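Close look at the chain arrangement
Chain residues, written in single-letter form:
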Amino acid sequence: MEGEASGSVKDLVVCEVCAEDKSANDLFGIHKCSHSYCRDCVNNYVASKLQENIASISCPVPDCKGSLEPEHCQSILPPEVFDRWLSVLCESLILESEKFYCPFKDCSAMLIDDGKEVIRESECPHCRRSFCAQCKVSWHAGIDCAEFQNLNENEDILLRILAHEKKWRRCTNCQYYVEKSDGCYYMKCRCGYAFCYNCGVKAPLDSHTSHCPSSATFVCEICADDKASNESFDVQNCSHSYCRDCIKNYVASKLQENITSIGCPVPDCKGSLDPEYCRPVLPPQVVERGKVLYRFYCPYKDCSTILVEDVTHVVMESECPNCNRMICAQCKVAWHAGIGCEEFQKLNENEREKGDIMLRNLARKNRWSRCPKCMFYVEKTCGCDEVRCRCGNFFIYTPGQI
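The text that follows walks through the structure, step by step, so that each part is easy to find. Predicted model, so just to flag it, every value in this text is computed and none were measured.

With that out of the way, let us pick up the overall build of the protein chain. The number of helices and strands found in the protein chain is 11 helices and 28 strands. The 402 residues of the protein chain split such that 31% are buried. Of all intrachain contacts in the protein chain linking residues separated by at least 6 positions in sequence, the fraction that spans at least 24 positions is 31%.

Below you can see the structure in the form of structure tokens.
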């Protein structure tokens, strides 16, 4: 009996995580290293990492190259922990910039914005409630995204819409809404602050409000509201002007659609609205959105330095300041020598390599024609213009048509 007892003690080992005696067959070895721990500790360790959304789980020993893989640990993990691990792995494959979560706290399902379409009002596929995919909040009916982003956290959207309809003015000191029923523009709020009801400037005396330079009004052709003349904002390079709110919303909506070259709202007008020119009327987040759209990356994968497009000049051939290789600043690709940007943009993805462009230029120089069916180049040495390609297709030979 003493011999049996002595033998059973030898079978016990101390788990270095919980510091408890465990039987040898209760130990679980870490993949790709010599460390092992009791099954309970490995189970708890994996679960704690998954709570932090960590999908790639390494050995508990710092700087050890060992790892824990789902298929390796499946036999000791509860089904809900194993399923959670697979979910976290799937989530880790999605770019952080594309991930967001349902804004309703009792749902919080992970959603994906791939950026392919500009979607505003959307429905969560899990809780079926509407939210704004641009602002990542519950749907703000009756107010656009640019205006919503400019609100304070505690502002009531319905009240703001009502104030706009009633043309109330906001006290610039306490931010309470004030309504003028009659009289001059001089207004004194209940907080004691006096201001001009027409333009909002501080007006301790009625000398300004009796002859407010903003008293003249105009009708904005976008919102069709009467606006004070100092609310007018001129479009660049044309004679059109609109109220500042409409310009702000118009520019913001275009930037939401990733459009950086913003023209006048009037179709076929040559006027323009550069985000930098509109900075005085744009909220900071809209200005920042404009800056982001002018950023791009060096097209060489072994460089990928962030570059900024200078919108004040049209630059085509440029040099990356980091890798010193030539790029096309308009197409955001390696420099396509011998072919213009417009022609390059019309090429298929598999025709944009340097060798393809050189072949295209050679075909143009030698006045070859291209089979419209198989797209192979054909050279006619003699005979009529009706040519039969090796693919069997007949077509009219047009020199230089590529």
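Once their charged atoms are close, side chains differing in charge can pair, the charge on each being opposite to the other. For the structure on display, the rule yields 7 salt bridges. Measuring nitrogen to oxygen at the nearest pair gives 3.7 Å for the salt bridge that ties Lys22 to Glu20. Classification of Lys22 by relative accessible area gives buried; the value is 15%. The exposure class of Glu20 is partly exposed, given its relative accessible area of 44%. A salt bridge links Glu343 to Arg360; its shortest N-O distance comes to 3.1 Å. With Glu343 in helix 10 (residues 341-346) and Arg360 in helix 11 (residues 354-365), the pair connects residues that are 17 residues apart, well separated along the chain. We classify Arg360 as buried; its relative accessible area is 10%. Through salt bridges with shared partners, a single network forms among Glu343, Arg360 and Arg364.

So, on to the nonpolar core. Core analysis: the largest hydrophobic core is formed by 22 residues, its most contacted members being Val42, Val46, Leu50, Ile57, Leu68, Leu77 and Trp85. Within the residue set of this core, elements represented by two or more residues are strand 4 (36-38), helix 2 (39-51) and helix 4 (79-92). The element best represented in this core is helix 2, accounting for 5 residues. Excluding anything up to four places from it in sequence, Ile57 contacts Tyr45, Val46, Lys49, Leu50, Ser67, Leu68 and Trp85. Core analysis: the second largest hydrophobic core is formed by 21 residues, Leu255, Cys264, Cys278 and Leu282 among them.

Quick look at the packing of aromatic side chains now. Going through the model one piece at a time under the given rule, you end up with 5 aromatic pairs. Summarising the aromatic geometry, the rings of Trp168 and Tyr177 are spaced 6.3 Å apart at their centres and angled 55 degrees between planes, so their arrangement reads as tilted. Relative accessible area serves as the criterion here: at 23%, Trp168 is assigned to the partly exposed category. Owing to a relative accessible area of 24%, Tyr177 belongs among the partly exposed residues under this scheme. Residues Trp368 and Tyr377 carry aromatic rings whose centres are separated by 6.2 Å and whose planes lie at 55 degrees to one another, so their mutual orientation is tilted. If you follow Arg129 out to its NZ or CZ, it ends over the ring of Phe104, 4.3 Å from the centre. If you follow Arg190 out to its NZ or CZ, it ends over the ring of Tyr176, 4.4 Å from the centre.

Rules used in this analysis
- Residue numbering note: each chain is counted from 1, following its sequence as written.
- Local features are withheld for residues below a pLDDT of 70 in this predicted model, meaning they are given only at 70 or higher, and side-chain atom pairs are given and counted only at 80 or more; totals for whole chains, interfaces and linings count all residues.
- Values shown for side chains rest on all heavy atoms present in the structure; no hydrogens or waters enter the calculation.
- Put simply, DSSP H or I for four residues or longer makes a helix, DSSP E for two residues or longer makes a strand, and each gets a number counted from the N terminus.
- Only protein chains enter the calculation, and the probe is 1.4 Å; a residue is then buried if its accessible area is under 20% of its type maximum, exposed if over 50%, and partly exposed in between.
- Residues count as neighbours in contact if any of their non-hydrogen atoms are within 4.5 Å of one another.
- A pair is scored as a salt bridge if a Lys or Arg side-chain nitrogen falls within 4 Å of a carboxyl oxygen belonging to Asp or Glu.
- Put simply, a nonpolar core is a bunch of buried Ala, Val, Leu, Ile, Met, Phe, Trp, Tyr and Cys residues held in one set by side-chain atoms that sit within 4.5 Å of each other.
- When the centres of two rings from Phe, Tyr and Trp lie within 6.5 Å, Trp using its six-membered ring, the rings pair. Their planes under 30 degrees apart give stacked, over 60 give edge-to-face, and anything left gives tilted.
- Criterion for a charge above a ring: Arg CZ or Lys NZ at most 6 Å from the ring centre, at most 35 degrees from the ring normal.

The values reported here are purely geometric and, on their own, carry no functional implication.
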